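Structure at a glance
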Amino acid sequence: MFKKTVEAKALQRLSGADKKKLRRNVKDKFRLASDADIDSLLPPKAEISVAKFPNRILVYGVEGGFPVFFDTDGRGSEIYPTVYALWSAPDLLPAFTLKGGEVSRFVINGADLMFPGISIPLDGLPSFAAGEPWAVKVPGNPAPIAVGATTMSSSEALKAGLRGKALRITHYYHDSLWESVEGRFVPNAGFFEDVVMADPSLLDSLVSQSGETDASNDQTSDNEGEVDPATSSDHGLTSAVNLDDKSDVVEQAATELDGLRITENTSSNESRVEETQSMSIEDVDALLDSCLLQALHITVKDKDLPMPGSTLWSNHVLPCRPSGVTLDIKKSSFKKLSKWLQSKASVGLLSVKEDKHKKEVVLFSVNRTHVDYTSFKPDKSQPAKIEQSNDQTAGESSSQKALEIEEIYKPNTHVISIFAAVGADTGGYFSAIEANNVVCAYVEKENLVKPNDKAKVILDATLCDALFKGAIKKGSSYPTEIHKKDLGPTFISRMQAHHMVTRGGDSVIRKGAVRSIQIMTERRQGNKKMTKLSGFETFLLDADSLASELQKKFACSTSVAELPGKKGHEVLVQGGVIEHLAKHLIDQYGVPKRYIEVLDKTRK
């Protein structure tokens, strides 16, 4: 919602009546908010301003302060707090906790929150209804990083196996609303540029608690010999209870940090993050070269070439970086992936060429006799990790490929008498083989096989009507027999065609034949290409999820629009990605190639 920067078209102060109405709406909307929270966010005597945006969004804030609430529909029914408001009042909304800080990269890049990324409490999924506002937090950090609305109720989520989209994100840390504030800030040291981790100060406090607990244990053990024998048993019981209480506190805090160990690992993780943040440009360049050579030795095979530069980067170079280290091409001296690859081509290590149509550098060959390649010794411990990640990726893609399409048929008025005669379900669905078995059972029951020619079937009145009634022209005589090889296809052609699509646990039956996916590329104003994708609902694909995935896949802007004059939606992808999009649907979602129609209107 605030992914792109949009200028406000109007800014005005609220009147006294409007301020009271806003406070009432906030109090009714956020039941967990106390009067003190509302007073701190909307002081009664302060001037409240509202910024009106072209997309009907209203942003409320205290003059001279930060935006605290925004209204997505401009009518007061869809009000959400900003992250600035949640940092001031963290308990304003209930919050989902991510499984780890790394998941926050996707959220603060504009992705919606999926159920697999949520850490489910031990007492089960909390109860919520569809459309409720919820916040998003990182384990070990009390400050929320995003806010959005639930896409389904908790009962529906459990029925879906905790899969799919949990929260439609409306605002997040580092979006245009957060960045529009002068003097913007972060609530603690756990907030980085591209990721949010546990609050280091909270970790330090837990370490100190652990140290105090150990000290008290030592002191208790030292004083055990000085305790009065008459009260030693009571004192020991009291000490044990106190120690248990303290250990429970530390254990509970450690559990809330999602398994983070408060020992040497904490200091090593912090030092690793600090090391990544303090890397010089020369260090980043050296790390880039090391990861590239590691990838060329281990994962990049000659049979996979030519390879787009973006594929080389995401699937080969990044997996070779050291664990816990962030590799950003923008922090190097090259700034761009294309310049880095061209620099390697200039020294003879790689052979690359720029695709002018796709505006991307493509890797064509690797000089494996180059001195840099032969002198590099790859890390033998990394292949197993990379292969394991590839196996996980393949497993995820195979789960997305779990698509089954079956052509089925339902009895209609033409053939219902045949189904009734053999006792079959007249209102059910049958595959082609099952329908053929029904008509064969009728032939066997009525003994209609021709005695002197076993390859032909005699047509009685019931079977003849089922096969040919209404299909014979007036004045023509009805056939009296039919060949066995034509019996099944003719019988099936008289039934009502349906198709059943199954993906995972979801299944749907629709009338008629399977409709194909249409992919079309056309030119827009400014000679720019736009690729349109429609018909994907047939294969149980969600428009918003697909648009979000394609945006990351092709590194371009995407949008969702309703089909003009038809039911359904279409996904608009900026650029001419028609061939790659079709391949992605086949490889990632298992859509059969015969159900994909491609039309490129940009070709002359």
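Within any chain, residue numbers begin from 1 and follow the written order of that chain's sequence. Reporting in this predicted model follows two pLDDT cut-offs: at least 70 for local features of residues, and 80 or more for side-chain atom pairs to be given and counted; totals over whole chains, interfaces and linings ignore these cut-offs and use all residues. Side-chain descriptors were evaluated using all non-hydrogen atoms of the structure, hydrogens and water having been removed beforehand.

**Details of a positive patch on the surface**
Quick reminder of the rule: Like-charged residues are merged into a patch within 9 Å and nonpolar side chains (Val, Leu, Ile, Met, Phe, Trp, Tyr) within 5 Å, provided each residue has over 30% relative accessible area and no salt bridge. The accessible surface values rely on the Shrake-Rupley method and a 1.4 Å probe; as for residues, cover is taken only from the protein chains in view. We define a salt bridge as a contact between a side-chain nitrogen of Lys or Arg and a carboxyl oxygen of Asp or Glu at a distance within 4 Å. Positive charges are assigned to Lys and Arg, negative charges to Asp and Glu, while His and the chain termini are left out of the count. Charge placement uses NZ in Lys and CZ in Arg. For Asp and Glu, CG and CD serve respectively. Relative accessibility thresholds used throughout: buried, under 20% of the residue-type maximum; exposed, over 50%; partly exposed, between the two (1.4 Å probe, protein chains only).
On the surface, a cluster of positive charge is made up of Lys9, Lys52, Arg56 and Arg75. Taking relative accessible area as the criterion, Arg56 reaches 58% and is therefore assigned exposed.

**Looking at the confidence of the model for the chain**
As a reminder, the rule being used: Known as pLDDT, the predictor's per-residue confidence is scaled from 0 to 100. Contacts: residue pairs with any heavy atoms within 4.5 Å of one another.
Averaged over all residues, the pLDDT of the chain equals 80, while 83% of them reach at least 70. In this model residues 220–277 is a low-confidence stretch, pLDDT under 50, and it forms 40 contacts with partners more than four residues away in sequence or in other chains. In this model residues 387–399 is a low-confidence stretch, pLDDT under 50, and it forms 1 contact with partners more than four residues away in sequence or in other chains.

**Some points on the side chain of Ser332**
To keep things clear, this is the line we draw: Strands here are runs of E lasting at least two residues and helices are runs of H or I lasting at least four, both read from the DSSP assignment and numbered beginning at the N terminus. Residues adjacent in sequence count toward polar contacts only when both atoms are side-chain atoms; beyond that, a polar contact is any pair of N or O atoms within 3.5 Å, and within protein one must be able to donate a hydrogen and the other to accept it.
As for its position among the elements, Ser332 is in the loop between helix H11 (309–317) and helix H12 (337–346). Given a relative accessible area of 0%, Ser332 falls into the buried group. A polar side-chain atom of Ser332 sits 2.6 Å from the main-chain carbonyl oxygen of Ile329. Apart from the residues lying within four places of it in its own chain, the contact partners of Ser332 are Ile281, Val284, Asp285 and Leu288.

**Considerations on the environment of Ile405**
With respect to the helices and strands, the residue Ile405 is situated in strand S14 (residues 403–410). With 187 residues separating them in the primary sequence, Ile405 and Pro592 have C-alpha atoms 9.1 Å apart. Excluding its chain neighbours within four sequence positions, the residues that come into contact with Ile405 are Met500, Val514, Phe539, Pro592 and Tyr595.

**Notes on the packing of aromatic side chains**
Under the convention used in this document: What counts as a ring pair is set by centres within 6.5 Å for rings of Phe, Tyr and Trp (its six-membered ring), and what kind of pair is set by the plane angle: stacked under 30 degrees, edge-to-face over 60, tilted for all other angles.
By the definition in use, this model includes 19 aromatic pairs. Centre to centre, the rings of Phe2 and Phe70 are 5.4 Å apart; their planes meet at 90°, and the pair counts as edge-to-face. Within this pair, whereas Phe2 is found in the segment before strand S1 (10–13), its partner Phe70 is found in strand S4 (residues 67–71), the two being separated by 68 residues in sequence. Across the pair, exposure class does not vary: Phe2 and Phe70 are buried alike. Taking 5.6 Å as the distance between ring centres and 65° as the angle between the ring planes, the aromatic pair formed by Trp87 and Phe185 counts as edge-to-face. One end of the pair, Trp87, is in helix H3 (residues 83–88); the other, Phe185, is in the loop between helix H6 (176–179) and helix H7 (200–223), with 98 residues separating them in the sequence.

**Here we look at helix H20 (residues 578–589)**
Put simply, the rule is: A helix is expected to span 1.5 Å multiplied by its residue count minus one. Each direction from the helix axis to a C-beta atom contributes to the arc, which is the arc of those directions.
Taking 1.5 Å per residue as the helical rise, H20 with its 12 residues ought to reach 16 Å, and the 16 Å between its terminal C-alpha atoms agrees with that figure. Of all the residues in H20, the buried ones are Ile578, Leu581, Ala582, His584, Leu585 and Tyr589. What you see down the axis of H20 is that its buried residues fit within an arc of 155°, all on one side. Structural note: H20 exposes Glu579 and Lys583 on the side pointing more than 90 degrees away from its buried face. A positive phi of about 70° marks Gly590, the residue just after H20.

**What about the sheet that holds strand S23 (residues 569–574)?**
Quick reminder of the rule: Any two strands with at least two DSSP bridges between them are considered paired. Fitting a line to C-alpha atoms yields each axis, with helices limited to the stretch in contact; the angle taken between N-to-C directions then spans 0 to 180 degrees.
The strand order across the open sheet built from 5 strands is S22-S23-S21-S20-S24, with neighbouring strands paired in mixed fashion. The open sheet is flanked by strand S22 (558–562) and strand S24 (596–600), the only strands paired with a single partner. Taken over all neighbouring pairs, the strand axes of this sheet differ in orientation by 20° on average, direction set aside. Where strand S20 (residues 517–523) meets S24, 5 bridges bridge the pair, whose relative direction is parallel. From the neighbouring strand, Ile519 faces S24, where its bridge partner is Val598. Sheet strands touched by helix H19 (residues 543–554): strand S21 (529–534), S22 and S23. Its angle to S22, the strand with the most contacts, is close to 155°.

**Focus on the packing of H19 against H20**
For the record, the criterion: We call a crossing left-handed when the near helix sits turned anticlockwise from the far one by less than a right angle, and right-handed when that turn is clockwise. In this classification, the charged set is Asp, Glu, Lys and Arg, the nonpolar set is Ala, Val, Leu, Ile, Met, Phe, Trp, Tyr, Cys and Pro, and all remaining amino acids, among them Gly, are polar.
Across the interface, H19 lies against H20 with an axial gap of 12 Å and an inter-helix angle of 115°. Pair H19 / H20 crosses with right-handed handedness. Contact residues: Leu546, Glu549, Leu550, Lys553 and Phe554 in H19; His580, Leu581, His584, Gln588 and Tyr589 in H20. For the contact of H19 with H20, the per-class residue count stands at 5 nonpolar, 3 polar and 2 charged.

**Some remarks on the nonpolar core**
Note the threshold: We define the nonpolar core as a collection of buried residues of types Ala, Val, Leu, Ile, Met, Phe, Trp, Tyr and Cys that are connected through side-chain atoms lying within 4.5 Å of one another.
Counting 31 residues, the largest nonpolar core has Leu22, Phe30, Val59, Phe69 and Leu92 as the members making the most contacts within it. Only helix H1 (16–29), helix H2 (35–41), strand S2 (48–52), strand S3 (58–62), S4, strand S5 (79–81), H3 and strand S9 (141–150) provide two or more residues apiece to this core. Once residues lying within four places of it in the same chain are set aside, the contact partners of Phe69 are Val26, Phe30, Leu41, Leu42, Leu58, Val59, Tyr60, Ile79, Tyr80, Pro81, Thr82 and Leu92. Residues Val83, Ile145, Met152 and Tyr173 belong to the second largest nonpolar core, which totals 29 residues.

**Some points on the sheet that holds S9**
What the 5 strands build is an open sheet, ordered S6-S8-S9-S10-S7; its pairing is mixed. Sheet topology places strand S6 (95–97) and strand S7 (113–114) at the edges, where each strand pairs with a single neighbour. Pairing between S9 and strand S10 (residues 165–172): 5 bridges, direction antiparallel. Among the inter-strand pairings, Thr150 is bridged to a residue of S10, identified as Leu167.

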